[in-house]
Each structure stands twice: as structure tokens, then as C-alpha cells.
Amino acid sequence: MATSAGLLLLLLLLGQPRVGAGAERKAVVCAGTACYTAHWDKLTAAEAQSHCSKNGGNLATVKTEEEARLIQRALAQLLQLEAPLVTRMGKFWMGLQREKGKCLDSTLPLRGFSWVGGGENTSYANWYKEPKNSCTFRRCVSLVLDLSLPPLASHLPKWAEGPCGNPGFSVNNIEGFVCKFSFKGMCRPLALGGPGQVNYTTPFQATSSSLEAVPFASMANVACGDRNESEWHYFLCKEKAPDVFDWDSSGPLCVNPKYGCDFNNGGCQQDCFEGGDGSFRCGCRPGFRLLDDLVTCASRNPCSSSPCRGVATCVPETLGKSYLCRCPQGYQLDSTQRDCVDVDECQGSPCAQECVNTPGGFHCQCWVGYEPSGPGEETCRDVDECAPGRSPCAQDCTNTDGSFYCSCKEGFVLAGEDDTQCQDVDECEDSEGHLCDSLCFNMQGSFRCGCLPGWELAPNGVSCIMGTTTLGPPAGPHQGDDMGERQGNLVPSASTSSPTRDPKGTSKVAPTVRGPSLLPNAPITPTPPKTMVPSGPPGVWMEPSTHHPTASTGHRESTGGDFAAKQNDDGTDGQKLLLFYILGTVVAILLLLALALGLLVYRKRRAKREEKKEKKPQSATDSYSWAPERAESRATENQYSPTPGSDC
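So, how was this worked out
Residues numbered from 1 in each chain as written. Predicted model: local features only at pLDDT ≥ 70, side-chain atom pairs only at ≥ 80, totals over all residues. Heavy atoms only, no water. UniProt positions renumbered as here; feature names shortened; annotations may be inferred. Pairing = 2+ DSSP bridges. Helix = DSSP H or I, 4+ residues; strand = E, 2+ residues; numbered from the N terminus. Disulfide = S-S within 2.5 Å. Buried < 20%, exposed > 50% of the residue type's maximum accessible area, 1.4 Å probe, protein only.

As annotated in an unreviewed UniProt entry, the chain carries the name Complement component C1q receptor and is attributed to Equus caballus. Listed under Subcellular location (unreviewed entry) in UniProt, the entry text for the chain is "Cell membrane".

Q: So what exactly am I meant to see when it comes to the sheet that holds strand S14 (residues 231–241) here?
A: Backbone-to-backbone hydrogen bonds pair the strands of a sheet. The strands run either parallel or antiparallel. Here we have five strands laid out as an open sheet, ordered S11-S10-S13-S14-S15, and antiparallel in their pairing. The sheet is open, and its two edges are formed by strand S11 (207–208) and strand S15 (244–247), each paired on a single side. Inspection of the sheet shows strand S13 (residues 219–224) paired to S14 by six bridges, in the antiparallel sense. Across the sheet, residue Asn-221 finds its bridge partner in S14, namely Tyr-234.

Q: Explanation requested: the state of the cysteines in the structure shown.
A: Covalently bonding the sulfur atom of one cysteine to the sulfur atom of another cysteine gives a disulfide. What the rule picks out here adds up to 21 disulfides. Covalent S-S linkage joins Cys-187 and Cys-237, the inter-sulfur distance amounting to 1.9 Å. Where Cys-187 bonds to Cys-237 through sulfur, the torsion about that S-S bond is close to 90°, and the disulfide is right-handed. Of this pair, Cys-187 sits in strand S9 (residues 186–187) while Cys-237 sits in strand S14, and the two are 50 residues apart along the sequence. Between the sulfur atoms of Cys-428 and its disulfide partner Cys-440 the distance amounts to 1.8 Å. Since a negative S-S torsion denotes a left-handed disulfide, the Cys-428-Cys-440 link at about -70° is left-handed. Of this pair, Cys-428 sits in helix H4 (residues 427–430) while Cys-440 sits in strand S32 (residues 439–443), and the two are 12 residues apart along the sequence. Side by side, Cys-428 and Cys-440 carry an identical accessibility label, which is buried.

Q: Quick question: what am I supposed to make of the pairing of S14 here?
A: Strand residues, when the strand is regular, have side chains that alternate between the two faces of the sheet. As paired strands, S14 and S15 are joined by four bridges and run antiparallel to one another. Looking across to S15, one finds that Ala-241 is bridged to Val-244. What sits between the antiparallel neighbours S14 and S15 is a turn of two residues, in which Asp-243 has the positive phi angle 65°.

The following block contains the structure:
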């Protein structure tokens, strides 16, 4: 271990730039786990990034206000290295760029730009003015400040975007750039107990004597005494324990008995105690203990510095020299053993159905169609969607495990977007074959068959057979209770005739009539009967029968005479209804013919009046006509010339 540390120290000494050898002028500020360097140089953004990456860094990010203040301090140190400049604005490249083809996004703080080291969604931004909405060129961001004035803590450098520059061409107002270097830890600055000077050389080749924190693997060059009689010491910042960084030295440096504790408190952090022979030693206040370097003090309570992060709590061990970080329930320590991460309890499947992990815990949920069976929510039970008052179905609802489905009664089909409603099926329209031999009546959820005049419904409720009708007056009470079970849509009626004999022995028919009862919206679909010839007197219409069709044709009622009477009653009333429809149609046609005839007479009279107006009154000379001119001249010649052979 000592050999490797010495080799690293030798390499740093060989690579250390000599004073006066033309070393680059730059300012360095270190804090936390990062160092920032500010440089004077008129480079393009790509050249500046190359310069930073060559030493292990990138162009600086400004993700927080604290980081912006550290960069402002580095720029302030850089300005102090130069003579006062003329009043003008200068720009320094930072690590925020937008590639070609990526457009402006005004909804984000970074406006679509991204950091060179990675990352796009940071909340801090300090734009000088709104960036241009351009997608065709690569754009880079720089820090803007007044070079003639020292930076003020209340005025952090603004951001300005512009072209990134081309090699060989300087970009307007670009004066330099700022780099950032990240480290795993820092060492405290060395404290001198006597006259001397310390120079630090960082791994990124920056040299400074005033670092507030020295990055890991940096070298310290200590010169004790006066310039004429100087003694040189070299130290290296090392990691002595996980996340513990310190120098490989012990005791105060450059101790001089002539000064004792009077010079810089002897190099001690807290108390300095002098001996009788001019020597001294460092001590600590109550509640603190001296560390191995014999200079630095640390609290006897190892948790006083809050080494644990996040939700972790610090617990001192028995001797008080070390500590442990503990996590609350639902968390566990991460790889650093100083912070806690959430434990995903759902990986153990603690729930019956669905598990939702939360920070430090979890909770169970039931799938759709289930509900918790108890307060613990560990088990789920099926939800009965078909329970009274909860059923979404219009007719029948069937509950299933975790769901349900709707169904409709015979004569209806499912309808609606979610298949919860029922719609009547028009069997008389939708059927491919004819359900009835003659007429078909659609009902709510069913249908009925009927027959044309001169026919009556057969016992099977589908076919029509020839029936007998009479023209006697209607008589008999209204009977229709036997079919009231079919929602009252249609009460069938029929007419029957029973033969009787008068005193002379002549057979007569005594009709019995019963009136039908029809809903106004009941549709009727006629179907031509198959090979049937109507019988009965002309002009007599039989009311269609509305018996529900049955599958068997051989089933007949024992009282066939009553059934025939009902059929004849329905025929008589249907005959009247048909006669009413025919008379109404004839009246409508006659009205149309009368209207057409009146229009024709009106047009003829109007034409005659126009002809009379066009004719002119006749004069006395209208019955005469002029003689031809040639005949007139001939008559004149005959009067005065007695030429033989003349007309005279």
C-alpha cells in the first residue's frame, strides 16, 4: 500500500507544472464533491468541451442555485487575475446544448436543451432572454456577466443561447469557459503550526494555495520556514476508510518552538497546549476527541455529524467510536450503508389479487368485479352485480365470478352499447321463411297468425282453412279473457253460425258475433295462403284469427262448435272493418277526381275568356273584297274602244 502511494506521489511530482513555465491561468473553487475551473480562452463550444474532457471533466452544469454561486466565485477569482477591463459584456461557455433537429420546448425550464454530462429535466434556470425557436442548427448556452464589475452574490450569471461556433472562427463575445470535475470525496486543507506555504496540485492539473476543500488524489507541497531555509514536505489525499478522506500525515506541520501556539493556534483545530520546553500539542473540547492526525477534533458522538442520509437514523455503537445507520420498517440499507431504499413487499405476493407497493409499505386491491371481504383487504369476494337494485340489465341478469352478463326473454335480442338492453324481434319481418300461411301479427316478444276473408285459422295456429260466414246481425256478449295473458296486444275474435230449422222446415243460420280488441300499433304482415280458395258470399271479410301457433297439427279442442262460433264472430267484425277501409279509400279517390275535374273546367273557361279578348270588332267593309287590278283595267278599255272582238 505504501509503495503504490509513493509511486502515485512521484507521478504527481513529475507532472506538476513548474512556476513560471507558462502555466495556464485559471481559477479553481472546490466544494462538496466537485471542483469548478474558470478559463480565459476564445474557443468554440466543441473545443472547450474537448479541453475539459481531456482532464477528466465536462463543461460545467448549473443545475442548482448553489452550483451557480460556486461558478460565480470561480469567475470572480478569474477576473481578479487580470487588470481592470473596459466596460463590456463577456460570455463563458457552460455545458448546456441543444442538438440539430431538436426544437425549442417552452414548457420545460431548460427549453429543450440538455446537459453535456447527461440530464434534461432540471428545475433551475436563469435565462437572459427567451431562446430562439430554431431546429436547423446546433445551439449552445453561455454565462453572461459584466467583465468590468465584480460579480455580486445577488446577481447570478444569466444564460444566453447562440451558435456554438466553427473551428477557426471566434464566436462574438466569448471570452472563456467553465469546467466541472467530480470526485468521490474531499480532504480538509492542511493547517500549518509555523511559518510556511502549501500548494495543492489537483488531478485535473490545477494549482492553488487557497482551496477550501482538496479533491481526492490531490498532492500537497508544503514548504516550511523562510525562503532561504525552507524544508519541503509532500502529502497525498487518500481514502482511509469508506467515505473517509484524509492526508497521510500526523501532527501539526512546520512546528517552530519559537512561536509555539501563537502562530495559527499551532495548527490545531480547537485547543493548543504548550509544554515547558517550547513544544506544544493539540487538544479538543469536552464532548470531542482527537483524531489520528493529532490536529483534528471529532465529536465523541459519531452521529453528531449526521452521517446517515434520507430516512436512515444514526445509532452509536458501544464504544462511541463508530455508528450504524438503521432504516424504518419497509426500507433497507443501500450499498453505501448510509441511506435507505424502499423494500418492494409485493414481490412476496402478500395479496390475494393485486398488490400496490408504496414507499415503506404496500396495500392490496381487488380486481374489477370483486370487493374486499373484510377490513384487512387481504381477501376479495365476488360482487353480485345482479342483486336487486344493482342489476344493470333490462330483463335477465346472470352473475358470474368477477363479472355478469345480460340475456333477454324469448322474442327479444340484446341491444345497446353495453348489451344491457332488450329489443323486440319482429318475427314477421326478420324471418327467412313465412311463419304464417296468410297474415302475421307482430307482438311484444312474440307473433300471431291470422287469415284473409273467407278463411279461418286452423287449430295449429299457422294454417288457414275455408270457413263459413253469414250476414246476420251481430249478437252475443264480448268474450276475450282467454287470450289476455299475451300482454293485451290482440284479443282474437271469430264468428260462427249454427243451423236451425223454421216451421216450414227450411234451415237457417243464427249468427253469434264477438268484436275484436286490437292495439293501435299492432303491425299486420300479410302472407299469401298456400293453395287456398276463399269461399262464402262476395264482399264478406273474415277477421284474422290470432291464435298462437303450435307445433302439432293434430291437437284439437273437444268443443269444436264453440271454436267455430268464435271464428264466425271475428269474421263479421273484420268484415265491417274492411268495409270501412274500402269506403274511406273510395271517398278519397272521388275527392281527388272532383278536384281534378274542377281544375280542368276552370282552365277551359279561362282559355275562352282570353280568346274573346283577342278578337277585334268587325266593320261594314269586312264582308266585301277588292276586285283584281287586271280585271279593272280590262273593263276600262272595253268602254272606250269599239274594237271588234272586244269584250263588249
